[in-house]
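# Coordinate inspection notes
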Amino acid sequence: MTSMTPESSPSAEAEKVVKKEHCEHHADCMKLIQMVLDGEATPDEIEHVRQNLGKCLPCENGYNVNKAIKEALQFRVEKRDVPQSLVDCIKSKITDLK
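A few points on the structure. (Residues numbered from 1 in each chain as written. Predicted model: local features only at pLDDT ≥ 70, side-chain atom pairs only at ≥ 80, totals over all residues. Heavy atoms only, no water.)

So, on to the environment of Asn52. Note that Asn52 resides in helix α3 (residues 43-53). A relative accessible area of 15% means that Asn52 is categorised as buried. Counting along the chain gives 33 residues from Asn52 to Lys19, while the straight-line C-alpha distance between them is 9.6 Å. Apart from residues no more than four positions distant in its own chain, Asn52 is found in contact with Cys29 and Cys59. (Helix = DSSP H or I, 4+ residues; strand = E, 2+ residues; numbered from the N terminus. Buried < 20%, exposed > 50% of the residue type's maximum accessible area, 1.4 Å probe, protein only. Contact = heavy atoms within 4.5 Å.)

Here Gly62 shows up in helix α4 (residues 57-76). As for Gly62 and Gln34, which are separated by 28 residues in sequence, their C-alpha atoms are 9.5 Å apart.

Glancing now at the packing of helix α2 (residues 26-37) against α3. Two numbers describe how α2 lies on α3: the axes approach to 10 Å, and their chain directions differ by 120°. Put simply, α2 runs oblique to α3. Where α2 crosses over α3, the handedness of that crossing is left-handed. Taking contact as the criterion, the partners of Cys29, Leu32, Ile33, Met35 and Val36 in α2 are, on α3, Glu45, Ile46, His48, Val49, Asn52 and Leu53. Looking at the contact of α2 with α3 residue by residue, the class counts come to eight nonpolar, two polar and one charged. (Axes fitted to C-alpha atoms, helices over the stretch in contact; angles between N-to-C directions. Parallel < 35°, antiparallel > 145°, perpendicular 65-115°, else oblique. Left-handed = near helix turned anticlockwise from the far one by under 90°. Nonpolar A, V, L, I, M, F, W, Y, C, P; charged D, E, K, R; others polar.)

Right under this line is the structure:
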């Protein structure tokens, strides 16, 4: 995913935006940001986050930190197949809970 910070757009240089330093809805914003980073957000949600990052410093910082963590994990985590016996065991335990 490319950076969504407003500094990446040419118009950002032309107009210096003063960003708010406190976000009244930070927990909700972070959930939406995570959806964007996970590729689960709708186009409208992506646009909402993009616009918000241009106005809100805490959200922009949260986006950048979460994006960096996600990128770092992609390089560090080894992908392995899960043994079928483990899958069967988990499915059995879930069925027992019902």
